[in-house]
Amino acid sequence: MTLPPPPTARLGRRGFLGASASTAAAAACAPASGLAATATRASERPAPGARLTVGVLLPESSRYPTLSAEFLAGLDAGAAASGLASPRWLPLPYGRSVRSALQQARAAVETGTVDALAGWLPVDSAMEFAPLLQRHGVPFLASDTGADRLPDRPAARSPWLVPHTLELWQSCARLGREAPRRWGTRAVLCMGLLESGYDFPHEFRAAFEAAGGTVAATHVSGLPDGRPEFDGLRSVLKGTAADFVVVLYSGRQAERFRAAWQRLGMDRQQPLVGSPVALESPLSAASPAAALQLGTDAGERLARWQAAVPGGALAALARLHAALQEPAFLPTAARPGVRSGWTNPYLVT
């Protein structure tokens, strides 16, 4: 289910699911001495056609129980779409403990069990072992939605750690900067309780206000106080003078919000602005679940990386620093798996 196109205003997918190349390029600015430290491993070139092993970090989530399966399915689909040989995927399930993920990854790298790492781990956490990746010349394609801004830790940056995210906080900041020009200077901001704890809603607000906008009212849905999920939404929407409404929900809650919005008749009164996550059905084939999308993109990148390694590890690394594909460009074979009901894995708990 999607909202009718005419009254619904939104940025295009290219704006929201922006390329991660800019983040990757920043991470690639490492000292020359660090690159020199990897020279020994980089010169150990496997024979052309050799299959390399990629350790895949996989979390457990009660909110997104199919995340790991979708990510692995995406890896297979992406490698197949590349037309190249697929690397060997070595699943490294870590439950709900980031510490366990770091321990497994460290052991796999130090023992030489893997030639690369991939999987679902916040880049902020992955930064912890960037020096280890640098020393061993092992790349890590670290996937997540990018709901939080990365801390400024130059010492933890390395070309071997490749951020691979949907750039959610950057997308919301872009939305905030463009909103006054496109929709007006007064907005109502609606979000779920879980979303309110991440950086991306606050990045929208900061950018919007810096561009001359005013958040006239805020509604946080699903408070743990026993009241109905959208209690107070009617009074906020109908009692606030605003040019448009910004929605930052995900999954089933996004669908429930759209139903409430239509019941209130608001679709005929104010533009609704937000990311495709909030405005499109998570069950739509045109809006793949994030784990499947990122897994598919990662699978293709890693297949191209493997094919390039015989020509030199450092040159092959460039194949991992690339722009994220848009959902519309995902291989058709990947789409039947889009049935998780959760499109934003920042909700993983």
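Residues numbered from 1 in each chain as written. Predicted model: local features only at pLDDT ≥ 70, side-chain atom pairs only at ≥ 80, totals over all residues. Heavy atoms only, no water.

The protein chain is annotated in an unreviewed UniProt entry as ABC-type branched-chain amino acid transport system, substrate-binding protein from Paracidovorax cattleyae. A UniProt comment under Sequence similarities (unreviewed entry) is attached to the protein chain, and it reads "Belongs to the leucine-binding protein family." (UniProt positions renumbered as here; feature names shortened; annotations may be inferred.)

**Q** Would you mind showing me how to read the pattern of salt bridges here?
**A** Working definition: two side chains of opposite charge can pair if their charged atoms are close together. Applying the stated criterion to the full structure yields 11 salt bridges. E128 serves as the salt-bridge partner of R99, at 2.9 Å between the closest nitrogen and oxygen. Of the two residues, R99 is situated in helix α6 (residues 98–110) and E128 in the loop between α7 (123–126) and α8 (130–136); the sequence distance between them amounts to 29 residues. Because the salt bridges share partners, they merge into one network encompassing E178, R181 and R182. (Salt bridge = Lys/Arg side-chain N within 4 Å of Asp/Glu carboxyl O. Helix = DSSP H or I, 4+ residues; strand = E, 2+ residues; numbered from the N terminus.)

**Q** Is there a simple way to think about the sheet that holds strand β8 (residues 244–248) in this case?
**A** By definition, the strands of a sheet pair up through backbone hydrogen bonds, in either a parallel or an antiparallel sense. Across the sheet, 4 strands lie side by side as β7-β6-β8-β9; this open sheet has parallel pairing. Every other strand in the sheet has two partners, leaving β7 (214–221) and β9 (272–274) as the edge strands with one partner each. Neighbouring strand axes in the sheet, compared pairwise and without regard to direction, differ in orientation by 25° on average. Note that strand β6 (residues 186–192) and β8 share 5 bridges and pair parallel. The partner of A187 across the bridge, within β8, is F244. (Pairing = 2+ DSSP bridges. Axes fitted to C-alpha atoms, helices over the stretch in contact; angles between N-to-C directions.)

**Q** Even after reading the chapter, I still don't get the environment of E300, so can you show me in this structure?
**A** In this fold, E300 is placed in helix α14 (residues 290–308). Separated by 225 residues in sequence, E300 and L75 place their C-alpha atoms 7.3 Å apart.

**Q** Just checking my understanding: could you explain the sheet that holds strand β2 (residues 88–95) for this structure?
**A** Strand order in the open sheet formed by 5 strands is β2-β1-β3-β4-β5, and the pairing between neighbours is parallel. One side of each edge strand has no neighbouring strand; the edge strands of this open sheet are β2 and β5 (161–165). Looking at each pair of strands side by side, their axes are set apart by 20° on average, direction ignored. Examined bridge by bridge, strand β1 (residues 53–59) and β2 share 7 bridges and lie parallel to one another. Residue pairing in the sheet places V56 in a bridge with P91 of β2. Taken strand by strand, α6 contacts β1, β2 and β3 (116–120), and its axis lies near 145° from that of β2. This element, α14, spans β1, β2, β3, β4 (140–144) and β5 of the sheet and lies at about 145° to β5. (Contact = heavy atoms within 4.5 Å.)

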